[in-house]
Amino acid sequence: TQLLEQSPQFLSIQEGENLTVYCNSSSVFSSLQWYRQEPGEGPVLLVTVVTGGEVKKLKRLTFQFGDARKDSSLHITAAQPGDTGLYLCAGGVDNYGQNFVFGPGTRLSVLP
Amino acid sequence: NAGVTQTPKFRILKIGQSMTLQCAQDMNHNYMYWYRQDPGMGLKLIYYSVGAGITDKGEVPNGYNVSRSTTEDFPLRLELAAPSQTSVYFCASGYRASGRVDQFFGPGTRLTVL
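Residues numbered from 1 in each chain as written. Chains lettered and ligands numbered in written order. Predicted model: local features only at pLDDT ≥ 70, side-chain atom pairs only at ≥ 80, totals over all residues. Heavy atoms only, no water.

Caption draft 1: Quick peek at the interface of chain A and chain B. Contact residues are listed per partner, giving 25 residues for chain A and 23 residues for chain B. Taken over both partners, the interface formed by chain A and chain B buries close to 1,700 Å², and the fraction arising from carbon and sulfur atoms is 51%. Taken as a group, Gln 98, Phe 100 and Phe 102 of chain A account for 30% of the area that chain A buries against chain B, more than any other trio of residues on that side. If you look at where chain A meets chain B, you find 5 residue pairs in polar contact (both at pLDDT 80 or more). Residues belonging to the side of chain A that touches chain B are distributed by class as follows: 11 nonpolar, 11 polar and 3 charged. (Contact = heavy atoms within 4.5 Å. Buried area = accessible area lost by both parts, 1.4 Å probe. Polar contact = N/O pair within 3.5 Å; in protein donor to acceptor, adjacent residues only side chain to side chain. Nonpolar A, V, L, I, M, F, W, Y, C, P; charged D, E, K, R; others polar.)

Listed below in structure tokens is the structure:
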């Protein structure tokens, strides 16, 4: 079974600070996705990366896929209270990227 | 578009009862998924489907069954409910683009087995 670990498990910061959360595995993934989930709702897809070393930016969020496709990071610049939520990474575990394993998540709280 | 809809939102079952969790999508997506999310544990894949008539097991399929007779619907059947099946269940649909599948999740069904 391929496993994904996420760190830190919890993060509480002040509005305006920068932060990075990590998603790591000893396994290679065909793709890597990041989601944000708010209480009582389903996860919402933020980005999918498929190429080793790939970097994608979504406004203040920067996502990077490791060169070996075993790890990923999410960097948030100038965090806002609206960024609060559970951040989940998910790896594509087959060659078609259609079967996924999720990490346990990083719970982020941005205080005003 | 309603996206992915799930019913019911909440349900309490007694041990040994059975039920079907409904999932429907109106985006004409080929891929559909069922996950369960336990507190602090992320999501675990139960079953998935790559098209009507095709289903496959995920990481934790025991105690569940699925069918995919149409593109739109992907019901999840629980037989002989057990306390270990207490969880939040999420259905997702997805489409393939540029070598990957992007998933869109429903709002979830919170199930308690007593």
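Past the structure itself, the notes keep going.
Caption draft 2: Fine view of the environment of Phe 102 of chain A. Position of Phe 102 of chain A relative to the elements: it lies in strand 10 (residues 100-102). Dropping the residues within four chain positions of it, Phe 102 of chain A is found in contact with Leu 4, Tyr 35, Leu 88, Cys 89 and Ala 90 of chain A together with Tyr 35, Leu 43, Gln 103 and Phe 105 of chain B. (Helix = DSSP H or I, 4+ residues; strand = E, 2+ residues; numbered from the N terminus.)

Caption draft 3: Inspection of the pairing of strand 9 (residues 85-92) of chain A at higher detail. Residues and elements named next belong to chain A. Most of strand 9 is tucked away: 8 of the 8 residues are buried. Pairing geometry for strand 4 (residues 32-37) and strand 9, over 6 bridges, is antiparallel. By the bridge assignment for strand 9, Leu 32 is matched with Gly 91. By the bridge criterion, 3 bridges tie strand 9 to strand 11 (residues 106-111) in an arrangement that is antiparallel. (Buried < 20%, exposed > 50% of the residue type's maximum accessible area, 1.4 Å probe, protein only. Pairing = 2+ DSSP bridges.)

Caption draft 4: Region of interest: the side chain of Gln 6 of chain B. All names here are of chain B. Inspection of the secondary structure puts Gln 6 in strand 1 (residues 4-7). Only 3.0 Å separates the side chain of Gln 6 from the backbone oxygen of Tyr 89, close enough to count as a polar contact. Reaching out from Gln 6, the side chain makes a polar contact with the backbone nitrogen of Cys 91 at a distance of 3.0 Å. Excluding anything up to four places from it in sequence, Gln 6 contacts Gln 22, Trp 34, Tyr 89, Phe 90, Cys 91, Gly 106, Pro 107, Gly 108 and Thr 109.

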